[in-house]
Amino acid sequence: MLNAAVIGRTLVFLLLAIALASAAFAAYVYTASERYLGEVVPQAGFAYEENQDPEFLERGRHIARTRGCFGCHGQQLEGLVFEEEWAWVGTAVAPNLAQHARDHDAMTIEAAVRQGIGHDGKALWSMPSYNFVLLADDDMAALIAYLQSAPVIEKALPEPDLGWEARWLIVRGEAQHMAEWAVHMPELLLGPDDDPQLVRGEYLAKTTCNECHGFDLRGDLAGDMAMPDLAILAAYSDDDFRHLMKTGEAIGGRSDLPLMSMVARDRFAYFTEDELSDLLAYLRTLPGTPIDPDASWRQLN
Ligand code: HEC
Ligand code: HEC
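(A) Spotlight on the overall build of the protein. Broken down by element type, the protein carries 13 helices and 5 strands. C-alpha atoms of the protein, sized along the principal axes, occupy 90 × 45 × 35 Å. The burial tally for the protein puts 44% of its 301 residues in the buried class. Pairs at least 24 residues apart make up 70% of the contacts formed inside the protein by residues separated by at least 6 positions. Approximately 16,100 Å² of the protein is accessible, and the part contributed by carbon and sulfur atoms is 60%. Side chains of the protein give 22 positive and 46 negative charges; the mean places of these two sets differ by 4 Å.

(B) Highlighting the packing of helix α10 (residues 238–247) against helix α12 (residues 273–283). Put simply, α10 and α12 touch, their axes get as near as 11 Å, and they point 120° apart. The hand of the α10/α12 crossing is right-handed. Contact residues: α10 offers Asp238, Phe241, Arg242, Met245 and Lys246, while α12 offers Glu273, Leu276, Ser277, Leu279, Leu280 and Leu283. Among the residues making up the contact of α10 with α12, the classes are represented as 6 nonpolar, 1 polar and 4 charged.

(C) Layout of the site of ligand 2. The full set close to ligand 2 counts 25 residues, and Cys209, Cys212, His213, Tyr236 and Met260 are the nearest of them. A distance of 2.8 Å separates an oxygen atom of ligand 2 from a polar side-chain atom of Arg254. Elements represented by at least two residues in the shell around ligand 2 include exactly β5 (225–227), α10, α11 (258–266) and α12. Grouping the amino acids of the shell around ligand 2 by side-chain chemistry returns 21 nonpolar, 2 polar and 2 charged.

(D) Molecular detail of the sheet that holds strand β2 (residues 90–94). Taken in spatial order, the 3 strands line up as β1-β2-β3 in an open sheet, and their pairing is antiparallel. Bordering the open sheet on either side are β1 (80–82) and β3 (161–162), each of which pairs with just one other strand. The pairing of β2 with β3 spans 2 bridges and is antiparallel. By the bridge assignment for β3, Gly90 is matched with Leu162.

(E) Molecular detail of the side chain of Arg65. Mapped onto the fold, Arg65 is located in helix α2 (residues 54–66). A distance of 3.0 Å separates polar atoms of two side chains, one belonging to Arg65 and the other to Gln75. Of the polar contacts made by the side chain of Arg65, one reaches the side chain of Asp266; its length is 2.9 Å. Setting aside anything within four residues of it in sequence, one finds Arg65 in contact with Phe70, Gln75, Asp266, Arg267 and Tyr270.

(F) Main features of the coordination of the iron atom of ligand 1. Donor atoms from the polypeptide that coordinate the iron atom of ligand 1 comprise His73 (NE2) and Met127 (SD), at 2.0 to 2.2 Å from the metal. Taken together, the 6 donor atoms surrounding the iron atom of ligand 1 define angles of 88 to 179° at the centre, an arrangement classified as octahedral. Note that His73 is positioned in helix α3 (residues 69–73) and Met127 in the loop between α5 (106–115) and α6 (137–149), a separation of 54 residues in sequence.

(G) Highlighting the domain arrangement of the protein. Along its sequence, the protein is carved into domain 1 (54–183) and domain 2 (196–299). For domain 1 versus domain 2, the distance between C-alpha centres works out to 22 Å. Here domain 1 meets domain 2 over a buried area of about 1,500 Å², counting both sides, of which 50% is carbon and sulfur. When residues of domain 1 are sorted by the area they lose upon contact with domain 2, Arg65, Arg67 and Asn131 head the list and together hold 36% of the total. Joining domain 1 to domain 2, the criterion identifies 1 salt bridge.

(H) Expanded view of the packing of aromatic side chains. Summed over the entire model, instances satisfying the criterion amount to 9 aromatic pairs. A ring pair is formed by Phe70 and Tyr146, whose centres lie 6.4 Å apart and whose planes are at 55°; its orientation type is tilted. Of the two residues, Phe70 is situated in helix α3 and Tyr146 in helix α6; the sequence distance between them amounts to 76 residues. The buried category is assigned to Phe70, whose relative accessible area is 6%. The buried category is assigned to Tyr146, whose relative accessible area is 11%.

(I) Representation of the pattern of salt bridges. Tallied over the entire structure, the rule returns 17 salt bridges. Residue Lys122 is joined to Glu34 by a salt bridge in which the shortest nitrogen-to-oxygen separation is 2.9 Å. Residue Lys122 is found in the loop between α5 and α6, and its partner Glu34 is found in helix α1 (residues 4–38); the two are separated by 88 residues along the sequence. We classify Lys122 as partly exposed; its relative accessible area is 26%.

Cut-offs used in this document
Residues numbered from 1 in each chain as written. Chains lettered and ligands numbered in written order. Predicted model: local features only at pLDDT ≥ 70, side-chain atom pairs only at ≥ 80, totals over all residues. Heavy atoms only, no water. Helix = DSSP H or I, 4+ residues; strand = E, 2+ residues; numbered from the N terminus. Buried < 20%, exposed > 50% of the residue type's maximum accessible area, 1.4 Å probe, protein only. Contact = heavy atoms within 4.5 Å. Areas by Shrake-Rupley, 256 points an atom, 1.4 Å probe, with all protein chains shown as cover. Lys, Arg positive; Asp, Glu negative; His and termini not counted. Charge placed at Lys NZ, Arg CZ, Asp CG, Glu CD. Axes fitted to C-alpha atoms, helices over the stretch in contact; angles between N-to-C directions. Left-handed = near helix turned anticlockwise from the far one by under 90°. Nonpolar A, V, L, I, M, F, W, Y, C, P; charged D, E, K, R; others polar. Near = heavy atom within 4 Å. Polar contact = N/O pair within 3.5 Å; in protein donor to acceptor, adjacent residues only side chain to side chain. Pairing = 2+ DSSP bridges. Donors = N, O, S within 2.8 Å, 3.2 Å for Na, K, Ca; no water. Tetrahedral: all angles 85-135°; square planar, octahedral: opposite > 155°, others 65-115°. Domains from an automatic or database assignment. Buried area = accessible area lost by both parts, 1.4 Å probe. Salt bridge = Lys/Arg side-chain N within 4 Å of Asp/Glu carboxyl O. Phe/Tyr/Trp six-rings, centres within 6.5 Å; stacked < 30°, edge-to-face > 60°.

Structure follows, in structure tokens:
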């Protein structure tokens, strides 16, 4: 006959077994996800020369402004914490970039920005490095020179923490780190023989708009958020386009673009008039080019 003592011991044993199994499972998820993030090797070869020329630094500031470094790393580059917005990621911390640029060398910063590999040798998770793969060497150098020269604004930031939800997706093979996304970014299509305005426009589009609208700018789906094919701009006049870029307001005065409006005001409002002309000239060529439904980056979604 079972007595209370036996039942009690059995219960304790069961609880212990459950606790042990949970700990072993957590350890497995943690180790496997860490291994995945650590399986990256930065490519060397970025040649960086010190240059404190004011025009060069201004170029770097313009790149930082128009490519969204301020929006995510803070308007004074002081660092920002993403908790509620990206709850599934855990605690993502965009570091204080002015400080970071003094603590790390140019190659380390380049590896983070264009290759998606952090200073600790692990792949980045939230920083959209795939958007910067095509940044030209001189723009990359100007960006670094600017970050090194920007005043350091002190701010206390928490330790970043990759959450269990993200780690579990990694273990199941359902989410990729930024270094993996970055290698899928295709090369620029236009070259020295093409119309220089379109060449400049493609470069701008594929180091800005491709963060959200797909690597080929032909639309993308992130979770349940749809980002349209930029061939939609065929419907925009020159003035409509400039208005969208400067205010975030769509054609016909529509303001139903929450994310787009935010990035337009934070980044694209700072494009020069020439840059806007180049960008629109290129985006207007999109309707004439076919979409590749099998593009490798699309399979990562
Ligand atoms: C969408 C938001 C976002 C944008 C845009 C962004 N970053 Fe980041 N960045 C982050 C986050 C978040 C991290 C922290 C690492 C992570 O979670 O991936 C980070 C990390 C970094 C790091 C440190 C990586 C390391 O650990 O060594 C550098 C350097 C960096 N970003 C530079 C830039 C620059 C330069 C730009 C603009 C060209 C930029 N970032 C644009 C969000 C962003
Ligand atoms: C951070 C993400 C992000 C970036 C970067 C971005 N977009 Fe968007 N865009 C969106 C989203 C999301 C929508 C859909 C509306 C919404 O939810 O804000 C959109 C909608 C649009 C629309 C549709 C407007 C309409 O009439 O409905 C146009 C045009 C557009 N974007 C152009 C651009 C161009 C050009 C760039 C690059 C200079 C760009 N976007 C960069 C996220 C982005």
